[in-house]
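Coordinates in review
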Amino acid sequence: MIKLENVSKSFANGKPAVSAVSFEVNAGETLILLGTSGSGKTTTLRMINRLILPDSGRIYVNGDAVETQRLESLRRGIGYVLQYHGLFPHYTVGENIGVVPGLLKWDASRIASRVASLMEKLHLPVSDYLHAYPHQLSGGQQQRVGLARALAADPPVLLMDEPFGALDPVTRASVRKEFRALDEIQHKTIIMVTHDVQEAFELGTHICLMDKGKVQQTGTPATLLFSPANAFVKSFFDEHRFVLELKALTLADIRPWLATLNGDDTLTVWDAIAAGMPRNTLLDAVDQYRQSKHMHGTS
Amino acid sequence: MEPANSFIDFLQQESGKILEQTLQHIGLTFISLLIAVVIGVPLGIAISRKPKMAAAVLGFAGILQTIPSIALLGFMIPLLGIGPAPAIVALFLYALLPIVRNTYTGITQVDPAIIEAATGIGMSARQLLFKVQIPLAMPVLLAGIRTATVINVGVATLAAYIAAGGLGEFIFGGIALNNTNMILAGAIPAALLAIIFDWGLSRIRFRKVLLMPLLILVLSSFYLLPDFYGSKLLAGFTPEFMGRNDGDVGLKKIYGLKIRTVVISDMIMYKAAFDKKVDVISGSSTDGRVKAYDLQVLQDDKHIFPPYYAAPIVRQDVLDKYPELEPVLNKLSGTINDSIMTALNYRVDILKQSPAVVAKEFLEAHHLLQSPGPGTKGTIRIGAKLFGDGYILVNIYKLLVEGYTDLHVETKTGLGGTKICFEALTNAQIDLYPEYTGTGLLVILQAPPSTLDSLGGQADKVYNYVADAFQQRYHIKWLAPVGFNNTYALMMRRQQAGTLQIKTISDLTKYLQWN
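So, how was this worked out
Residues numbered from 1 in each chain as written. Chains lettered and ligands numbered in written order. Predicted model: local features only at pLDDT ≥ 70, side-chain atom pairs only at ≥ 80, totals over all residues. Heavy atoms only, no water. UniProt positions renumbered as here; feature names shortened; annotations may be inferred. Helix = DSSP H or I, 4+ residues; strand = E, 2+ residues; numbered from the N terminus. Rg over C-alpha atoms; globule rule 2.2 N^0.38 Å. Contact = heavy atoms within 4.5 Å. Areas by Shrake-Rupley, 256 points an atom, 1.4 Å probe, with all protein chains shown as cover. Lys, Arg positive; Asp, Glu negative; His and termini not counted. Charge placed at Lys NZ, Arg CZ, Asp CG, Glu CD. Buried < 20%, exposed > 50% of the residue type's maximum accessible area, 1.4 Å probe, protein only. Domains from an automatic or database assignment. Buried area = accessible area lost by both parts, 1.4 Å probe. Salt bridge = Lys/Arg side-chain N within 4 Å of Asp/Glu carboxyl O. Nonpolar A, V, L, I, M, F, W, Y, C, P; charged D, E, K, R; others polar. Pairing = 2+ DSSP bridges. Axes fitted to C-alpha atoms, helices over the stretch in contact; angles between N-to-C directions. Polar contact = N/O pair within 3.5 Å; in protein donor to acceptor, adjacent residues only side chain to side chain. Left-handed = near helix turned anticlockwise from the far one by under 90°.

An unreviewed UniProt entry lists chain B under the name ABC transporter permease subunit, with Chitinophaga silvisoli given as the organism. Of the comments in the UniProt record for chain B, the one headed Subcellular location (unreviewed entry) reads "Cell membrane".

Looking at an unreviewed UniProt entry, one finds chain A named ATP-binding cassette domain-containing protein and attributed to Chitinophaga silvisoli. Of chain A, the UniProt comment under Sequence similarities (unreviewed entry) reads exactly: "Belongs to the ABC transporter superfamily."

Regarding the overall build of chain A
Scanning chain A from N- to C-terminus turns up 15 helices and ten strands. Taken over the C-alpha trace, chain A has a radius of gyration of 21 Å; the compact-globule value for 299 residues is 19 Å, and the two agree within 12%. Structurally, chain A occupies a C-alpha span of about 60 × 50 × 30 Å along its principal axes. Across chain A, every contact between residues at least 6 apart in sequence was considered, and the portion connecting residues at least 24 apart equals 63%. Entry remark: accessible area of chain A is about 13400 Å², with carbon and sulfur atoms responsible for 52%. Taking the average place of the 30 positive charges on the side chains of chain A and the average place of its 31 negative ones, the gap between the two points comes to 5 Å.

Quick look at the overall build of chain B
Broken down by element type, chain B carries 25 helices and ten strands. Of all 515 residues assigned to chain B, the portion counted as buried reaches 55%. Contacts in chain B between residues far apart in sequence, at least 24 positions, make up 80% of those at least 6 positions apart. Accessible surface, chain B: about 22400 Å² in total, of which carbon and sulfur atoms supply 60%. Averaging the coordinates of the 43 positive side-chain charges in chain B and doing the same for the 38 negative ones gives two points 10 Å apart.

So, the domain arrangement of chain A
Residues and elements named next belong to chain A. When its domains are assigned, chain A resolves into domain 1 (2-239) and domain 2 (249-298). Domain 1 and domain 2 are separated by 31 Å when their C-alpha centres are compared. The interface of domain 1 with domain 2 comprises five residues on the first partner and six residues on the second. Between domain 1 and domain 2, the buried area comes to about 410 Å², and carbon and sulfur atoms account for 64% of it. Summed over the three residues of domain 1 that lose the most area to domain 2, namely Ala222, Phe226 and Ser227, the buried surface amounts to 87% of that side. If you look at where domain 1 meets domain 2, you find zero salt bridges. Its residues assigned to classes, the side of domain 1 that touches domain 2 shows three nonpolar, one polar and one charged.

Here's the deal with the sheet that holds strand β8 (residues 189-194) of chain A
Residues and elements named next belong to chain A. A sheet is described by the order of its strands in space; here six strands give the open sequence β6-β7-β8-β3-β9-β10, paired in mixed fashion. Here the strands that pair on one side only, and so sit at the sheet edges, are β6 (78-81) and β10 (214-219). Within the sheet, the average angular offset between the axes of one strand and its neighbour, ignoring direction, is 15 degrees. With four bridges joining them, β6 and strand β7 (residues 157-161) adopt parallel strand pairing. Note on β7: the bridge partner recorded for Ile78 is Val157.

Here's the deal with the UniProt feature "domain: ABC transmembrane type-1" (unreviewed entry) in chain B
Feature annotation in UniProt assigns "domain: ABC transmembrane type-1" (unreviewed entry) to the following positions: residues 22-201 of chain B. Within residues 22-201 of chain B, the helical portion is 85% and the strand portion 0%, while the C-alpha atoms at the span's ends are 19 Å from each other.

Considering the interface of chain A and chain B
Accessible area lost when the parts come together is the quantity often used to give the size of an interface. Contacts between chain A and chain B engage 20 residues on the former and 17 residues on the latter. Interface area, chain A with chain B, both sides summed: about 1700 Å², of which 63% is carbon and sulfur. Area buried by chain A at its contact with chain B is led by Phe88, His90 and Leu103 of chain A, which between them contribute 31% of it. Along the contact surface separating chain A from chain B lie one salt bridge. Residue Arg46 of chain A is joined to Glu116 of chain B by a salt bridge in which the shortest nitrogen-to-oxygen separation is 3.2 Å. Here chain A is connected to chain B by six residue pairs in polar contact (both at pLDDT 80 or more). Mapped by element, the contributors of at least two residues to the side of chain A that touches chain B are α2 (71-76) and α4 (99-103) of chain A. Here the side of chain A that touches chain B is composed, by residue class, of eleven nonpolar, three polar and six charged.

Observations regarding the UniProt feature "transmembrane region" (unreviewed entry) in chain B
The positions that UniProt labels "transmembrane region" (unreviewed entry) are, in the present scheme, residues 26-47, 54-77, 83-100, 136-164, 170-197 and 209-225 of chain B. Counted over residues 83-100 of chain B, helix gives 94% and strand 0%. Its end C-alpha atoms are 26 Å apart.

Overview of the packing of helix α2 (residues 15-49) of chain B against helix α7 (residues 125-155) of chain B
Residues and elements named next belong to chain B. Where α2 contacts α7, the axes come no closer than 10 Å and their chain directions differ by 140 degrees. Seen from above, α2 lies across α7 with right-handed handedness. Residues His25, Thr29, Phe30, Ser32, Leu33, Val37, Val41, Ile45 and Arg49 of α2 touch α7, and the partners they reach there are Ala125, Leu129, Gln133, Ile134, Leu141, Ile145, Ala148, Thr149, Asn152 and Val153. Of the residues in the contact of α2 with α7, the class split is twelve nonpolar, six polar and one charged.

What about the UniProt feature "domain: ABC transporter" (unreviewed entry) in chain A?
Following the UniProt record, the feature "domain: ABC transporter" (unreviewed entry) maps to residues 2-237 of chain A here. For residues 2-237 of chain A, helix accounts for 37% and strand for 25%, while the C-alpha atoms at its two ends are 27 Å apart.

What about helix α25 (residues 505-514) of chain B?
Taken residue by residue, α25 of chain B has Ile505, Ser506, Leu508, Thr509, Tyr511 and Leu512 of chain B as its buried positions. The secondary structure elements touched by the buried residues of α25 of chain B are α12 (248-255), β3 (280-284) and β10 (488-493) of chain B.

Some details on the pairing of strand β9 (residues 206-211) of chain A
All names here are of chain A. Counting buried positions along β9 gives five out of six residues, so the element sits mostly inside the fold. Of the pairings in the sheet, the one linking strand β3 (residues 30-34) to β9 comprises four bridges and is parallel in character. Looking at the pairing, Leu33 lines up with Cys208 of β9. The pairing of β9 with β10 spans five bridges and is classified as antiparallel. Note that in β10 the partner of Ile207 across the bridge is Gly219. Hairpin connection of β9 to β10: two residues between the antiparallel strands, including Lys212 at a positive phi of 50 degrees.

Below, the structure is given as structure tokens:
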């Protein structure tokens, strides 16, 4: 669906911002670009919708190289969510959400019904907020409008740049939870930039960890935790390792050590404990999984 | 001050003119504003995309703004002549800076996150501009247009100097004539226009912005130069001449002269006549430019222009304090007749010699020059009006006073018109200035018609009357007349006057009646 091949970009001063980045995201997957500030993750994201042009390398969206696609059509086919929402202050909530369908020349009634259905799904009652202006909304509401705007034309791809980064921790957790539950995003291909490790593990099917403009490792959360490619990857997760492990492992992963326990294989260990399944059994199984990884250890 | 009801009377008498001038004023303001918006907004948008160009363009527009408005109008005359065209161009140049700068500021101050969002969701550069940047820049842009409008309402008063009409005709006429009612009849509507337009434009919100070009177009169309007499010849009269009994009023009443008239500054009037922009002007008989531009003075065969003999007028308290002053100033009496004064003016105005040099050489020739004393006894401040004779006379007086007394002299030239000069004298900001008997009689004393009839335009009688009246009313003394008579005169290009066989004002009246 989206593929980067050896993409590089230098700043105006010649310092490399992104060096030879490659990864691939399949349809329906969520790839998290994770890293500290200055790691090149936002630059990488913005090269996908050509807000920044790469110096070298190829980028494909929907199988075609991005430079061969008409710029406006490429962008209108990609939902884009920014950290500081970037809502148009002179447009109402309804107009903000309907802007991309408008650019795509949908007829007015279709836009109106699409806007109304998205606002319902994102808990923004139409009667209260359709004609409100962005400055009249709370931070969480503004971010929901930004998300609705990105989803309005139902694009197959979403690019999200620290979408919850400007929110306080409580609002952040609740907006994130709503986002995960949203049926609109279930089949979308998503690339999201964040520096928040917990967020990466909650939302990502895959994580691409970047540092100093280079990809350190790309893989599932469990791969990064249990088979780190280098010392940087290993130390990056050390602080929250225990919680992250429980969030990264599903029951399927530890099934060999759970002879007696039944349950939904897709559930994470963290969610299973929260759901009241026997804690000690689960933690023992995780421990044995960890040892088995260590024995065949990659590092 | 005149009583309040006389201002109302003035408004009623002149209501037609006030309306006409107001409409011209609105027209001038908005035509230039329209052009400035049409050029300035796209220019502002263009430079918002090219920061390197921005500094140059804004710098250039800023320099235009610092040119004094009267000078800018002056620069326009060689290029565009007189009338509405140079006035509109000058106003356009003044309106340009606030509009370009505010458009630029408005566009560049849009939050970069919003620009990134708009670009990222797939707006084209054009959509970005019209859907996002311009709407968000609109409050700042409109503020720029408001500023430009208010500037233009103010500067448009100066259009009266170059025959483009507007409320400046009353304002400058009133200043020249010491007529407060006339000044107010121009200044109050001008101030009201500025306030009303500023308020009106502040009411315009983004969604109504499309109405604005329409509004500006409608207001622009007010500028239709009224053309009451479709006469063959065009007269250019000064604001002062237009309002005087011994000026345009007298020409109409005594001669029955009907001529299409524009109001024009005396600074450019002679040149305009020479360049055939106007045919008849209200010059002054001793002006150097009469000689330079080969103009013919029309004979005042019905004697409507009273004598204008120049003499220094001095506050009595100054004479009491420095009694040596009077005999020194009177040394000049009888030395300068009309043709000498015209020649002196010609050297200063046309040959561009320094008035100080001309004054010195004149005194030398008359054996009146003495080297200055220490100047320790006190300081005498001598004023002069803006035009011709004054500059030279002031320099002559300075040399005389410093040569024959121990007084030091400061000169204050360029004191607008009669009103400004006379008030500076009565308020002791200057001690003396050269004045004309006719101006004293008609402008300062505003002598009633019965008095004018009894004086009968005779030089001696007029001099004695103003000397007595000034002493009684203002404690100001008229010293001995210098000798020349700088009276008003109608003048035409010598060649045209010859062709049309016009020698007197009566000839001119007849010519216009039959053609």
